[in-house]
Amino acid sequence: MPIYEYRCASCDHVFEEIQRFSDPDPEVCPSCGAPQVSRKISANSFQLKGGGWYAQDYSGSSSTSSNPSGGGGGEG
Ligand SMILES: [Zn+2]
């Protein structure tokens, strides 16, 4: 479910609204009630799934040791 961020141009109140496929934009600001809300793009919501377009350095210049996060089992 995509969540868009809106910002009120009156009180600078930022709020998140869950917009569906065909949902109208918020009419007024939930804080002050001003009908001046603009949707702003939030890079946080947008997540690339199944990506793989990362540009990796083919030419082995430097090797960095990347260890897997976490480790060790925990029982209980
Ligand atoms: Zn407002």
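Residues numbered from 1 in each chain as written. Predicted model: local features only at pLDDT ≥ 70, side-chain atom pairs only at ≥ 80, totals over all residues. Heavy atoms only, no water.

If you check an unreviewed UniProt entry, the chain appears there as FmdB family transcriptional regulator from Lujinxingia litoralis.

To continue, consider the overall build of the chain. Assigned secondary structure in the chain consists of 0 helices and 3 strands. Counted from the first residue to the last, the chain has its helices and strands arranged as β-β-β. The buried share of the chain, reckoned over its 76 residues, is 13%. Pairs at least 24 residues apart make up 30% of the contacts formed inside the chain by residues separated by at least 6 positions. Within the structure as shown, the chain displays about 7000 Å² of accessible surface, and the carbon and sulfur contribution to it stands at 47%. (Helix = DSSP H or I, 4+ residues; strand = E, 2+ residues; numbered from the N terminus. Buried < 20%, exposed > 50% of the residue type's maximum accessible area, 1.4 Å probe, protein only. Contact = heavy atoms within 4.5 Å. Areas by Shrake-Rupley, 256 points an atom, 1.4 Å probe, with all protein chains shown as cover.)

Only Cys 8 (SG), Cys 11 (SG), Cys 29 (SG) and Cys 32 (SG) from the protein coordinate the zinc ion, and they sit 2.2 to 2.4 Å from it. For the zinc ion, the 4 donor atoms are set out with angles of 104 to 112° between them, so the coordination reads as tetrahedral. Sequence spacing among the residues donating to the zinc ion works out to C-x2-C-x17-C-x2-C. With Cys 11 in the loop between strand E1 (3-8) and strand E2 (14-18) and Cys 29 in the loop between E2 and strand E3 (37-40), this residue pair connects regions lying 18 residues apart in the sequence. The class for Cys 11 is partly exposed, based on a relative accessible area of 34%. Taking the relative accessible area as the measure of exposure, Cys 29 reaches 2% and is therefore buried. (Donors = N, O, S within 2.8 Å, 3.2 Å for Na, K, Ca; no water. Tetrahedral: all angles 85-135°; square planar, octahedral: opposite > 155°, others 65-115°.)

Within this structure, the stated rule accounts for 1 aromatic pair. Taken together, a centroid distance of 5.7 Å and an interplanar angle of 15° make the contact between Tyr 6 and Phe 15 stacked. Above the ring of Tyr 4, the side-chain terminus of Arg 39 is found at 4.6 Å from the ring centroid. (Phe/Tyr/Trp six-rings, centres within 6.5 Å; stacked < 30°, edge-to-face > 60°. Lys NZ or Arg CZ within 6 Å of the ring centre and 35° of its normal.)

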